[in-house]
Amino acid sequence: MPEFVIEAPQVPTLPVSGSSAVFPVRRVYCIGRNYAAHAVEMGHDPDKEAPFFFQKNPNNLSISGSFPYPPKTENVHHEIELAVALKSGGRNIPVDSALDHVFGYAVALDMTRRDLQGEAKKAGRPWEVGKAFEDSAPITPLVPVASGAHPDHGAITLAVNGSVKQEGDLNQMIWKVPEMISYLSDFFELSAGDVILTGTPSGVGPVERGDRLEGRIDGFDPLNVKVV
Ligand code: MN
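Just so we're clear, the structure is a prediction, and the values are computed from it rather than from any experiment.

## Brief notes about the overall build of the protein chain
Inference 1: Secondary structure assignment for the protein chain yields four helices and 18 strands.
Inference 2: Taken over the C-alpha trace, the protein chain has a radius of gyration of 17 Å; the compact-globule value for 228 residues is 17 Å, and the two agree within 12%.
Inference 3: When the backbone C-alpha atoms are referred to their principal axes, the protein chain occupies close to 45 × 45 × 40 Å.
Inference 4: Taking all 228 residues of the protein chain together, 48% fall into the buried category.
Inference 5: In the protein chain, once contacts between residues fewer than 6 apart in sequence are set aside, the share between residues at least 24 apart is 75%.
Inference 6: Of the roughly 11200 Å² of accessible surface on the protein chain, 51% is carried by carbon and sulfur atoms.
Inference 7: If the 20 positive side-chain charges of the protein chain are averaged to one point and the 29 negative ones to another, these points end up 5 Å apart.

## Remarks on the coordination of the manganese ion
Inference 1: E79 (OE), E81 (OE) and D110 (OD) make up the full set of protein donors to the manganese ion, lying at 2.0 to 2.1 Å.
Inference 2: As a motif over one chain, the donors of the manganese ion read E-x1-E-x28-D. Residue E79 is found in the loop between β7 (76-78) and β8 (80-86), and its partner D110 is found in the loop between β9 (102-109) and β10 (112-113); the two are separated by 31 residues along the sequence. As far as burial versus exposure is concerned, E79 and D110 are alike and both buried.

## Some thoughts on the sheet that holds strand β18 (residues 223-227)
Inference 1: The strand order across the open sheet formed by five strands is β6-β18-β17-β13-β14, and the pairing between neighbours is mixed. Edge positions in the sheet fall to β6 (66-67) and β14 (163-169), since each of these pairs with one other strand and no more.
Inference 2: Where β6 meets β18, two bridges bridge the pair, whose relative direction is parallel. The residue bridging F67 from the neighbouring strand is V227, located in β18.

## Considerations on helix α4 (residues 177-187)
Inference 1: Of all the positions in α4, only V177, P178, M180, I181, S182, L184 and S185 are classed as buried.
Inference 2: Looking at the buried side of α4, the elements it contacts are β3 (27-31), β4 (53-56), β8, β9 and β15 (194-197).

## Digging into the sheet that holds β9
Inference 1: Here we have six strands laid out as an open sheet, ordered β4-β3-β15-β8-β9-β12, and mixed in their pairing. Of all strands in the sheet, those bounded by a partner on one side alone are β4 and β12 (143-144).
Inference 2: Bridge analysis of β8 against β15 gives three bridges, and the strand direction is antiparallel. Looking across to β15, one finds that V84 is bridged to I196.

## Points about the pairing of β3
Inference 1: Among the five residues in β3, four count as buried, and that is most of the element.
Inference 2: Where β3 meets β15, four bridges bridge the pair, whose relative direction is parallel. In the sheet register, C30 faces β15, and the bridge partner there is L197.

## Observations concerning the packing of aromatic side chains
Inference 1: Throughout the structure, instances matching the rule amount to eight aromatic pairs.
Inference 2: The interplanar angle of 40° and the centroid separation of 5.1 Å between the aromatic rings of Y29 and F188 together place this pair among those described as tilted. Taken together, the residues Y29 in strand β3 and F188 in the loop between α4 and β15 connect sequence positions 159 residues apart.
Inference 3: Under the relative-accessibility criterion, Y29 is labelled buried at 1%.
Inference 4: Owing to a relative accessible area of 33%, F188 belongs among the partly exposed residues under this scheme.
Inference 5: A ring pair is formed by F52 and W127, whose centres lie 5.6 Å apart and whose planes are at 90°; its orientation type is edge-to-face. Here F52, found in the loop between α1 (36-41) and β4, pairs with W127, found in the loop between α2 (114-123) and α3 (128-131); they are 75 residues apart in sequence, far enough to count as distant.
Inference 6: What makes F52 partly exposed here is its relative accessible area of 22%.
Inference 7: Taking relative accessible area as the criterion, W127 reaches 17% and is therefore assigned buried.
Inference 8: Its guanidinium or amino end placed over the ring of F133, K56 lies 5.8 Å from that ring's centre, counting from NZ or CZ.

Calculation notes
- Residues numbered from 1 in each chain as written.
- Predicted model: local features only at pLDDT ≥ 70, side-chain atom pairs only at ≥ 80, totals over all residues.
- Heavy atoms only, no water.
- Helix = DSSP H or I, 4+ residues; strand = E, 2+ residues; numbered from the N terminus.
- Rg over C-alpha atoms; globule rule 2.2 N^0.38 Å.
- Buried < 20%, exposed > 50% of the residue type's maximum accessible area, 1.4 Å probe, protein only.
- Contact = heavy atoms within 4.5 Å.
- Areas by Shrake-Rupley, 256 points an atom, 1.4 Å probe, with all protein chains shown as cover.
- Lys, Arg positive; Asp, Glu negative; His and termini not counted.
- Charge placed at Lys NZ, Arg CZ, Asp CG, Glu CD.
- Donors = N, O, S within 2.8 Å, 3.2 Å for Na, K, Ca; no water.
- Pairing = 2+ DSSP bridges.
- Phe/Tyr/Trp six-rings, centres within 6.5 Å; stacked < 30°, edge-to-face > 60°.
- Lys NZ or Arg CZ within 6 Å of the ring centre and 35° of its normal.

Spelled out as structure tokens, the structure:
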């Protein structure tokens, strides 16, 4: 261990279902507009676009179960997403071996300051103020692949105060998980500890303080988050 000139920040970690050991997070990638119906609701043609990615910070992931309404915004949206955690990586990973790099999966929310994201889009500016803020990625414990198959279909839903707002199926992803991993690895060197948020189905909308969010993906324990 080197001697640090300041106290070293802790490595962000995620709990792992069925284990007392935790998963160290290196990077967080998020894909945009990966469900056709969501691309349409955001005003885009889903057929014509190569995938694109943005990043959140590893310490934006939150397992606390509460989402503090962030400052400098009047319009924070929920986006329910399947999260993929990598146990290994590399460059130029072929699609047909991409799933070999997956450690496990989780249910996550890509919380978004939609007003700030919209201003950034209009001005051609980066999205960080809209996407990469504190506690912006509530997530469940990771479920290792060893305890189940790779999920490629099944309902994905988000309810606000018991009323379903987002409803889709994992099989509606435009870019499937192996394609996403392969595509990302052509641009970045992927590595153990990387987490990928795989996009959200249609029905995104605003949250208010006091709201109870319940994210569900078939085969996983739900993600329950209270907006505070
Ligand atoms: Mn998203």
